[in-house]
Amino acid sequence: MAANGAVVAPGPAVLKCRLLRNHPDAAVLELRCSVEASNCLAFDGAVFGGCCLRVQRPREYCPDAAVLLGPTQPDPAVLASVARSAEGPLAATQQHQQQQ
């Protein structure tokens, strides 16, 4: 996240990572602030370690309440940075299109 400008301060943005028992390929992350949580959404579709990431809000997420805490969408600069990276969402989309 730091390499793509998705963090607002030095240090780890992820406070907790919990793997899901019934879904070994899924995890729940807790980030240190709402800005970094929103920026994390920019990584949805990015390829990391050979896997396509799926990043989404929790089911109980309430956008009306969240807007009081900060941005609810990733910073456009972060989206652009992730898209430009070698394994960003654009690369994942291109790989998916090539497979069809």
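Residues numbered from 1 in each chain as written. Predicted model: local features only at pLDDT ≥ 70, side-chain atom pairs only at ≥ 80, totals over all residues. Heavy atoms only, no water.

A. Spotlight on the pattern of salt bridges. Tallied over the entire structure, the rule returns two salt bridges. Taking the shortest distance from any N to any O, the salt bridge between lysine 16 and glutamate 30 comes out at 3.9 Å. Taken together, the residues span a long stretch of sequence, with lysine 16 in strand β1 (residues 14-20) and glutamate 30 in strand β2 (residues 23-31) at a distance of 14 residues. Linking glutamate 36 and arginine 32 is a salt bridge whose minimum nitrogen-to-oxygen distance equals 2.7 Å. Glutamate 36 gets classed as buried once you look at its relative accessible area, which sits at 0%. (Salt bridge = Lys/Arg side-chain N within 4 Å of Asp/Glu carboxyl O. Helix = DSSP H or I, 4+ residues; strand = E, 2+ residues; numbered from the N terminus. Buried < 20%, exposed > 50% of the residue type's maximum accessible area, 1.4 Å probe, protein only.)

B. Examining the side chain of glutamate 36 more closely. Of note, glutamate 36 is situated in helix α1 (residues 34-40). Of the polar contacts made by the side chain of glutamate 36, one reaches the side chain of arginine 32; its length is 2.7 Å. For glutamate 36, the contacting residues outside a window of four places in its chain are Met1, Ala6, Val7, Val8, Ala9, Ala13 and Leu31. (Polar contact = N/O pair within 3.5 Å; in protein donor to acceptor, adjacent residues only side chain to side chain. Contact = heavy atoms within 4.5 Å.)

C. A look at helix α3 (residues 76-84). Residues of α3 that are buried include every one of Val78, Ser81 and Val82, and no others. Taken down its axis, α3 places every buried residue within 95° of arc, on the same side. Facing away from the buried surface of α3 by more than 90 degrees, the exposed residues are Pro76, Ala77 and Arg84. N-cap assignment for α3: the residue whose side-chain oxygen lies 2.7 Å from the backbone N of alanine 77 is aspartate 75. (Arc of directions from axis to C-beta.)

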